[in-house]
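Chain residues, written in single-letter form:
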Amino acid sequence: MSFLNFFKTDRENKYSQSGQDQFAYNISGSNGLYLEIGAHHPIINSNTFILEKLCNWKGISIEYDISFKEMWDNSKDRNNKIIWEDAFNIDYTNLIKVNGFPNRFNYLSCDIEPVENTFLILQKIINSNLSFDYISFEHDKYNFGDKYEKLSEEYLKKYNYKVG
């Protein structure tokens, strides 16, 4: 089943919360590369599950909360690498080199708590000379107003990202 047909027929199973996976697919199609910071559950509300399962995307997920480790270990649908580490302790330049990835990825998903950490990890990754076709990041505007949304947008514009 194709990605688009899957979304037309499987509306009750929402994987990404806001359609981040579908947006990444619309920009890059099949066979993309992702870097996911804040992987959480391997399937529920996952920004990368459908990309990996249906669209042949490769990538690396990073998650600090090991309470999800058993679910990832037992998932027959997730085969891409997951790293159980604090995202701030990772040398991203070395990580992609060791895993044979290029410096350009199709998709970066950043969603860690608290919201200011999402902004800080976004800066760390961009400063690691990695680039992305599409970036989604949690700014928690509904809880904290637009502070982190604006900070992230201003930051990304400095690196010639289109923000919208």
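This one's a predicted model, so the numbers in the text were calculated from it and none came from an experiment.

## Let's talk about the packing of aromatic side chains
Reasoning step 1: What the rule picks out here adds up to seven aromatic pairs.
Reasoning step 2: Between F23 and Y134 the ring centres are 4.8 Å apart and the planes differ by 45°, which places this aromatic pair in the tilted class. In this pair, F23 sits in helix α2 (residues 20-28) while Y134 sits in strand β5 (residues 131-137), placing the two residues 111 residues apart along the sequence.
Reasoning step 3: Ring geometry for F101 against F105: centres 5.6 Å apart, planes inclined by 40°, an arrangement best described as tilted.
Reasoning step 4: A relative accessible area of 17% places F101 in the buried class.
Reasoning step 5: Three or more aromatic residues joined by ring pairs make a cluster, and in this case those are F119, Y148, Y155 and Y159.

## A look at the pairing of β5
Reasoning step 1: Buried residues dominate β5, accounting for five of its seven residues.
Reasoning step 2: As defined by bridge partners, strand β4 (residues 104-110) adjoins β5 across six bridges and the pair is classed as parallel. Note that in β5 the partner of Y107 across the bridge is Y134.
Reasoning step 3: For the handedness criterion, the β-α-β arrangement of β4, helix α6 (residues 115-126) and β5 is classed as right-handed.

## Side note on unusual backbone geometry
Glycine aside, negative phi is the norm for most residues, and most peptide bonds take the trans geometry.
Reasoning step 1: For the peptide bond that leads from E113 to P114, omega is -10°, which places it in the cis range.
Reasoning step 2: With respect to the element layout, P114 can be found in the loop between β4 and α6.
Reasoning step 3: Within the chain, N56 stands out as a residue other than glycine whose phi angle is a positive 60°.
Reasoning step 4: Notably, N129 is not glycine yet its phi reads approximately 65°, a positive angle.
Reasoning step 5: The residue N129 is located in the loop between α6 and β5 in this model.
Reasoning step 6: Of the residues examined, N129 reaches a relative accessible area of 62% and is grouped as exposed.

## A word on the layout of surface pockets
Reasoning step 1: Empty space within the largest pocket amounts to approximately 1,300 Å³.
Reasoning step 2: Along the wall of the largest pocket there are 49 residues; nearest its centre are Q20, C110, S136, F137 and E138.
Reasoning step 3: Within the residue set of the lining of the largest pocket, elements represented by two or more residues are α2, β1 (33-37), β2 (58-63), β4, β5, α7 (141-144) and α8 (147-158).

## Some words on the pattern of salt bridges
Reasoning step 1: Tallying each qualifying case throughout the model produces five salt bridges.
Reasoning step 2: Ionic pairing is found between R104 and D133, a salt bridge with its closest N-O pair at 2.8 Å. Linking R104 in strand β4 with D133 in strand β5, this pair joins segments that are 29 residues apart in sequence.
Reasoning step 3: Given the relative accessible area of 33%, D133 is considered partly exposed.

## Side note on the nonpolar core
Reasoning step 1: If you look at the biggest cluster of nonpolar residues, it comprises 30 residues, and the most contacted ones within it are L35, I37, I62, Y92, I125 and F132.
Reasoning step 2: If you list the elements that add at least two residues to this core, you get β1, β2, α5 (92-98), β4, α6, β5 and α8.
Reasoning step 3: Broken down by element, the residue count for this core peaks at six residues, all from α6.
Reasoning step 4: Judged by nonpolar contacts, the second largest core, of eight residues, contains L51, C55, W57 and Y107.

Rules and cut-offs
Residues numbered from 1 in each chain as written. Predicted model: local features only at pLDDT ≥ 70, side-chain atom pairs only at ≥ 80, totals over all residues. Heavy atoms only, no water. Phe/Tyr/Trp six-rings, centres within 6.5 Å; stacked < 30°, edge-to-face > 60°. Helix = DSSP H or I, 4+ residues; strand = E, 2+ residues; numbered from the N terminus. Buried < 20%, exposed > 50% of the residue type's maximum accessible area, 1.4 Å probe, protein only. Pairing = 2+ DSSP bridges. Right-handed = clockwise from strand over helix to strand, strands pointing away. 1 Å grid on protein atoms, 1.4 Å probe; cavity = no way out; pocket = protein on both sides within 12 Å on 5 of 7 lines; lining within 4 Å. Points joined across faces, edges and corners; volume = space filled by probe spheres on them. Salt bridge = Lys/Arg side-chain N within 4 Å of Asp/Glu carboxyl O. Core = buried A, V, L, I, M, F, W, Y, C linked by side-chain atoms within 4.5 Å.

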